[in-house]
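Coordinates in review
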Amino acid sequence: MKRSVIAFVALVLAFAGANQAQAQAQNLKIAVIDMQKVFDGYYKTKDAEDKLKAKAKTYEDELKSRQGEVEKLKEDFTKLLEETKNPALTEDVKKQKQDAAEKKAQEGRMLLNQFTSLSQTRGKELNEQRVRVRQDIVDEIRKEIDAKSKKEAYSLVFDKSGMTSTGLPPLLYSLESFEITADIIKNLNAKKSGGEKK
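Structure report, in brief. (Residues numbered from 1 in each chain as written. Predicted model: local features only at pLDDT ≥ 70, side-chain atom pairs only at ≥ 80, totals over all residues. Heavy atoms only, no water.)

As enumerated under the stated definition, the model contains 17 salt bridges in all. Of the charged contacts, one joins E144 and K191 as a salt bridge, the two residues approaching to 2.8 Å between their closest N and O atoms. Of this pair, E144 sits in helix α4 (residues 91-152) while K191 sits in the segment after α5 (181-190), placing them 47 residues apart in sequence. Given a relative accessible area of 1%, E144 falls into the buried group. Across the pair D183 and K148 runs a salt bridge whose closest N-O atoms are separated by 3.7 Å. Note that D183 is positioned in helix α5 and K148 in helix α4, a separation of 35 residues in sequence. For D183, a relative accessible area of 35% puts it in the partly exposed group. The buried category is assigned to K148, whose relative accessible area is 12%. Connected via shared salt-bridge partners are K29, K148, E152 and D183. (Salt bridge = Lys/Arg side-chain N within 4 Å of Asp/Glu carboxyl O. Helix = DSSP H or I, 4+ residues; strand = E, 2+ residues; numbered from the N terminus. Buried < 20%, exposed > 50% of the residue type's maximum accessible area, 1.4 Å probe, protein only.)

What follows is the structure, given as structure tokens:
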């Protein structure tokens, strides 16, 4: 008797759960977005890329200047070494030239170490800034998607960009009416001119 009551209660609960799931599925509203298109189409992405390119160019110019200094020291060192081989020079003059060449070699090693360190530091700074800027842009896009999702009462928003581990897109098919990519790009870019559209 107890078993049949428990089975009956379980059956009623399962039926009620299935009805509730079916009711929720009928109210389910889905949207699809291509995050890569949104990222690429957002005006702040291009602005950020331009700023990063300008900064990379500044760093590159700085490194070229330092590299020029290293090359100049190398030339001076080679010239001094060649002068020490001149048989017309006295031993004192040769010694002075050798000392000067050794000093140039030390300066060159120090400058080369500074150049290497600066190159690594600048590369790391640029990479960190690129990651930080990208994350800020993605956060802004997510906020726009969240706002639209709340306004339109979307239950789920799928990103169709990228590939899965099987080499297939994560979303194989969706109705065009589910697509919100263009709306999100439009809303984000409307803020450039000062307009606030949702």
